[in-house]
Amino acid sequence: MPSLKELRGRIAGVKSTRKITSAMKMVAASKLRRAQNQAEAARPYADTMRRMMSELAAASQGMDPSTLPPLLAGTGRDNVHLLIVLTSDRGLAGGFNANIIRAARQQIEDLLAQGRTVRLLPVGRKGAEIFRRYYPDMVVDSLHNKAGTQQDAYALAQDLAKRVADLVEGGEIDACTLMRNRFVNAMTQTPQALGLVPLPVAENDNAGEKRTDGAVYEFEPDEGHLLAQLLPRNLLVQFYAAVLESAAGEQGARMTAMDNASRNASKAIERLSLRYNRTRQANITNELIEIISGAEAV
Amino acid sequence: MSLRTEIVSPERRYTDREVDMVVVPGTEGDIAAMPGRAPLLLQLRGGVITLYKDDQVLERCFVTGGFVDMTADHCTILADSVRALEDLSIDDASQTLDELKNQWTRVGPDEVELQESLGRQIQAARAEIEVAEKVKQHDLKSL
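Nothing here was measured: the structure is a model prediction, and the numbers come from that model.

A few words now on the side chain of A:Ser262. Residues and elements named next belong to chain A. Here Ser262 shows up in helix α7 (residues 223-297). A distance of 3.1 Å separates polar atoms of two side chains, one belonging to Ser262 and the other to Thr21. Leave out the neighbours within four places in its chain, and Ser262 touches Arg18, Thr21 and Ser22.

As a further point, take the nonpolar core. Judged by nonpolar contacts, the single largest core of 58 residues is most densely connected at A:Ile84, A:Val164 and A:Phe239. In this structure, B:Tyr14, B:Val19, B:Val63 and B:Ala79 belong to the second largest nonpolar core, which totals 22 residues.

A separate point is a nonpolar patch on the surface. Residue and element names in this part refer to chain A. Among the surface-exposed residues, Ile284, Leu288, Ile291 and Ile292 lie close enough to one another that they form a single nonpolar patch of about 370 Å² accessible area. Structurally, Ile284 can be placed in helix α7. By relative accessible area, Ile284 is classed as partly exposed at 34%.

With that out of the way, let us pick up unusual backbone geometry. Of note, the amide linkage connecting A:Val197 to A:Pro198 takes the cis form, showing an omega dihedral of -10°. Note on placement: A:Pro198 falls in the loop between β4 (189-197) and α6 (205-212). Backbone torsion omega between A:Glu220 and A:Pro221 reads -5°, so that peptide bond is classified as cis. With respect to the helices and strands, the residue A:Pro221 is situated in the loop between β5 (218-220) and α7. Of note, the phi angle at A:Leu92 is positive, near 55°, even though the residue is not glycine. Tracing the sequence through the fold places A:Leu92 in the loop between β1 (80-86) and α3 (96-113). The backbone phi angle of B:Asp54 is positive, close to 50°, even though this residue is not glycine. With respect to the helices, strands and loops of the structure, B:Asp54 is situated in the loop between β6 (47-53) and β7 (56-63).

Attention now moves to the pairing of β7(B). Residue and element names in this part refer to chain B. As defined by bridge partners, β6 adjoins β7 across seven bridges and the pair is classed as antiparallel. Note on β7: the bridge partner recorded for Tyr52 is Val57. Note that β7 and strand β10 (residues 82-84) share three bridges and pair antiparallel. The residue of β10 that forms the bridge with Phe62 is Arg83.

This next bit is on the UniProt feature "domain: ATP synthase F1 complex delta/epsilon subunit N-terminal" (unreviewed entry) in chain B. The residues that UniProt annotates with the feature "domain: ATP synthase F1 complex delta/epsilon subunit N-terminal" (unreviewed entry) are residues 4-81 of chain B. Note that residues 4-81 of chain B is 0% helix and 69% strand, and that its end C-alpha atoms are spaced 20 Å apart.

A few words now on the domain arrangement of chain A. Residue and element names in this part refer to chain A. Annotation of chain A at the domain level lists domain 1 (4-22 + 257-297) and domain 2 (41-256). Here the C-alpha centre of domain 2 lies 53 Å away from the C-alpha centre of domain 1. Each partner contributes to the interface: domain 1 provides four residues, whereas domain 2 provides seven residues. Interface area for domain 1 against domain 2, summed over the two sides, is near 350 Å², with a carbon-plus-sulfur share of 54%.

The next point concerns the interface of chain B and chain A. Contact residues are listed per partner, giving 32 residues for chain B and 24 residues for chain A. Here chain B packs against chain A, burying approximately 2400 Å² in sum over the two surfaces, 59% of which is carbon and sulfur. Per-residue buried area on chain B facing chain A is highest for B:Pro39, B:Leu41 and B:Phe67; these three make up 28% of the total on that side. Our count for the contact surface shared by chain B and chain A stands at two salt bridges. The closest approach of N and O atoms between A:Arg51 and B:Glu6, which form a salt bridge, is 2.9 Å. At the surface where chain B touches chain A, the tally comes to nine residue pairs in polar contact (both at pLDDT 80 or more). Looking at the side of chain B that touches chain A, the elements with two or more residues in it are β1 (3-8), β4 (29-33), β5 (40-44), β8 (66-70), β9 (74-79) and α2 (112-136) of chain B. Grouping the amino acids of the side of chain B that touches chain A by side-chain chemistry returns 14 nonpolar, seven polar and 11 charged. Of the strand pairs in this sheet, β5(A) and β5(B) are connected by three bridges, and their pairing is parallel. Residue pairing across strands places A:Glu220 opposite B:Leu42, the latter belonging to β5(B).

Cut-offs applied
- Residues numbered from 1 in each chain as written.
- Chains lettered and ligands numbered in written order.
- Predicted model: local features only at pLDDT ≥ 70, side-chain atom pairs only at ≥ 80, totals over all residues.
- Heavy atoms only, no water.
- Helix = DSSP H or I, 4+ residues; strand = E, 2+ residues; numbered from the N terminus.
- Polar contact = N/O pair within 3.5 Å; in protein donor to acceptor, adjacent residues only side chain to side chain.
- Contact = heavy atoms within 4.5 Å.
- Core = buried A, V, L, I, M, F, W, Y, C linked by side-chain atoms within 4.5 Å.
- Buried < 20%, exposed > 50% of the residue type's maximum accessible area, 1.4 Å probe, protein only.
- Patch = residues over 30% accessible without salt bridge, like charges linked within 9 Å, V, L, I, M, F, W, Y side chains within 5 Å.
- Areas by Shrake-Rupley, 256 points an atom, 1.4 Å probe, with all protein chains shown as cover.
- Salt bridge = Lys/Arg side-chain N within 4 Å of Asp/Glu carboxyl O.
- Pairing = 2+ DSSP bridges.
- UniProt positions renumbered as here; feature names shortened; annotations may be inferred.
- Domains from an automatic or database assignment.
- Buried area = accessible area lost by both parts, 1.4 Å probe.
- Nonpolar A, V, L, I, M, F, W, Y, C, P; charged D, E, K, R; others polar.

Next comes the structure, spelled out in structure tokens:
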């Protein structure tokens, strides 16, 4: 049985923890609103671009891949895969990082089982720590995920897009997939893999075929010039949207996690207070019994 | 048969509607998209996009550049930025143009990519001034 003093100490400890978690919850909630607006604003452009690119990929399917830019059709090999995993720099966000890391590890194991070489580029300190421990040979580099403002997110996306374009054009990687949490709502973020290189063909290829009727795309200005503009642009846009999605997901996850933590703390305080009061009452009763039995003995 | 036209910019989905014809400013000249055309991927210069329905102008807006994906029943416009014509300002555009011209003088001869992108931005700023002046004079017919 802990003493009254010990119990008082514990109650005070849990109370100050609750103060911290509920403050974090409020901070996450206010950041979430902004992050969510940004993520939702960037979504239509990225989705439309993605749809357009997959139609382009579907239309170019019959062509000789070696004549197409590698960012569109891949390098012609299917050997080295680059996985970019978006995690957060900071923890205390519930299962946010654990979920995406688990999904990424699954993906890595699948690729390895198929005999591919995997390269990893984790974004965010949390992911970098884990991947450096489990797959030290695969991690090519890691980046911080500050993504606090739109400018930060854009700079990060630019960096990623440039790296991927350079790696693909230099023939160092053959395919690139982005793993990130898609923001559904504050409670739910679903880990999702997004194929970037080669461009994924429209999901229901029949629809794509019907829309273009198998006709070959015309380009204006010429194909090389236009694709040289469009493909890096697509990478940038996809990364930008993903970074914003992930940032919104992080705040949502943190808010939910901290809300749970605050609630648990309240429950713990209630339980401890009850025990404290009972112990106090028992002590008083004991003292009374001692006094009464002392008086009776006289 | 109509043409579903979407105009999307990084900030928002500007418009999404069924039209009969869209005229877009391509880098090599204006192009009209009508239902049933062969697929075309087009790069935009700064200029005015006009949507037509039943031989009437439905909507006009200004874009600073971007890409268009035209198919038989769809015209998807990914604009770098898109604004309603009333929101254009001659003063802002002139100021941007001066800044761009300033940058232009500092670009080295080998920086081809930067030259290209600056060139496009300068063209867009000039187009914006031109359009804004016409809007001011209520001269929309010549757009």
